[in-house]
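# Tertiary structure, described
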Amino acid sequence: MLELQKALAEINEIRGAIARVNDFRGYGPLSVAVSGLLALGVALAQANWPTFLAPDPTTYFFVWIGVAAVAAMMTSLETFNRTRRVHADLAVPMLQRALEQFAPALFAGVLLAGALAYFAPQALWLLPGLWQILFSLGVFASCPFLPRQMSIVGLWYLGAGLVSIAACSGGAVCSPWAMGVPFGVGQLLVAAILRYGFRQKA
Amino acid sequence: MTTGSGRDSGAARFAYAGLDRVIHEKARLSLLTSLMTHPKGLRFGDLKQLCGLTDGNLNRHLLVLETAKLVRISKEIDHRRMQTSCQITALGRRRYLEYLAVLERVILDAAAATKLQGLTDG
């Protein structure tokens, strides 16, 4: 019985080894593009109705946390379904590897928001820039198994994060565009690379 | 996915049709596993070393895999020397994963049978 269990473990190990060296094609361009458009749309709405959607930093960030939650749900659902379809038997180790690469950045972003809101609310203006920098680290970590142009997205988020910090410094409430433009353009760029980048790599 | 084991189909429950004869050979299984874990391909020499095969054996097994369209063999000049390299095809990749799934089913069936035997004996 032990030998049979060992054999099963070895098969799983082989699947894991294959998953570690193959491109991850589970991210879907559709949900990523929609999340980019959503970010641009929400920034436009916040800019037009600031008294309702961004009267203070707390409301501003709650709106964006809502956007992030909706985007995360959409992309997770598409990624899950697409990975099962594209990677079939390798779906589980592939998803596991994708999570290992990207989840730490997302997790750090959530914890950072909580820590700033609780311990240093006066520094909340830093959050858009810091989120973008953390997002860039997640993108860079995922780069080896995505189309090579994805590093441009990493650079975009890193640059946007630094510019956001410079642009928002000292302001009580950040401009809606400090979130809308980086994430809107960034996600549309990701979607385009996912759609066309793998063709070039093949 | 259809495993080919016919798990729920009564008479052919243990047919394991997915245990492809082309893949189900030690050297070829070893070659395909090496190529699956090196998706960009491997040179003839590296493949020979990784699988512990002689030139003749490697050629023979690669020919079988190439005929079945599971691998692609290409020759290119590198540092003025002709290099033969080998890459797994999309079909090879799919068939290998199907093979692994059937192999897993065989082991699970064996484990279930061993457990059952243990219960009846004990």
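The coordinates are above.
Below: a short report on this structure.

Rules of the game
Residues numbered from 1 in each chain as written. Chains lettered and ligands numbered in written order. Predicted model: local features only at pLDDT ≥ 70, side-chain atom pairs only at ≥ 80, totals over all residues. Helix = DSSP H or I, 4+ residues; strand = E, 2+ residues; numbered from the N terminus. Buried ≥ 20, exposed ≤ 12 C-beta atoms within 10 Å, placed from the backbone. Contact = placed C-beta atoms within 7 Å. Nonpolar A, V, L, I, M, F, W, Y, C, P; charged D, E, K, R; others polar. Core = buried A, V, L, I, M, F, W, Y, C linked by C-beta atoms within 7 Å. Expected span 1.5 Å × (residues − 1). Arc of directions from axis to C-beta. Pairing = 2+ DSSP bridges.

Within chain A, the secondary structure is distributed over eight helices and zero strands. Along chain A, helices (α) and strands (β) appear in the sequence α-α-α-α-α-α-α-α when read from the amino end. Across its three principal axes, chain A shows a C-alpha extent of roughly 65 × 40 × 25 Å. Counting over 202 residues, chain A shows a buried share of 33%.

Moving on: unusual backbone geometry. Unusually for a residue other than glycine, A:A88 sits at a positive phi of about 40°. Relative to the elements of secondary structure, A:A88 occurs in the loop between α4 (57–87) and α5 (91–119).

At the interface, 15 residues of chain B touch 14 residues of chain A. Those elements giving two or more residues to the side of chain B that touches chain A turn out to be α1 (26–36) and α4 (90–121) of chain B. In terms of residue count, α4(B) provides more of the side of chain B that touches chain A than any other element does, nine residues in total. Class assignment for the residues of the side of chain B that touches chain A results in ten nonpolar, four polar and one charged.

We now examine the nonpolar core. Membership of the largest hydrophobic core comes to 58 residues, with the highest contact counts inside it found for B:L31, B:L32, B:L35 and B:V71. Here this core gets seven residues from one element, more than from any other, and that element is helix α8 (residues 177–201) of chain A.

All names here are of chain A. The terminal C-alpha atoms of α4, which comprises 31 residues, lie 42 Å apart, in line with the 45 Å expected from a rise of 1.5 Å per residue. Inspection of α4 places Y60, F61, W64, V67, A68, T79, T83 and H87 among the buried residues, and these make up the whole buried set. Downstream of α4 by a residue or two, A88 has a phi angle that is positive, lying close to 40°.

This brings us to helix α1 (residues 2–21) of chain A. All names here are of chain A. Between the first and last C-alpha of α1 there are 29 Å, a value that for 20 residues agrees with the 28 Å anticipated at 1.5 Å per step. Buried within α1 we find R15, I18 and A19. Buried residues of α1, viewed axially, fall in a sector of 105°; they line one side. Residues of α1 that are exposed and angled more than 90 degrees away from the buried face: L2, E3, K6, A9, E10 and E13.

Time to look at the pairing of strand β3 (residues 81–88) of chain B. Residue and element names in this part refer to chain B. Here strand β1 (residues 42–43) runs beside β3; their pairing, made up of two bridges, is antiparallel. In the sheet register, R43 faces β3, and the bridge partner there is S85. Here strand β2 (residues 71–78) pairs with β3 via eight bridges, running antiparallel. Note that in β3 the partner of S74 across the bridge is S85. In sequence, β2 turns back onto β3 through a hairpin of two residues, with H79 there showing a positive phi of about 50°.

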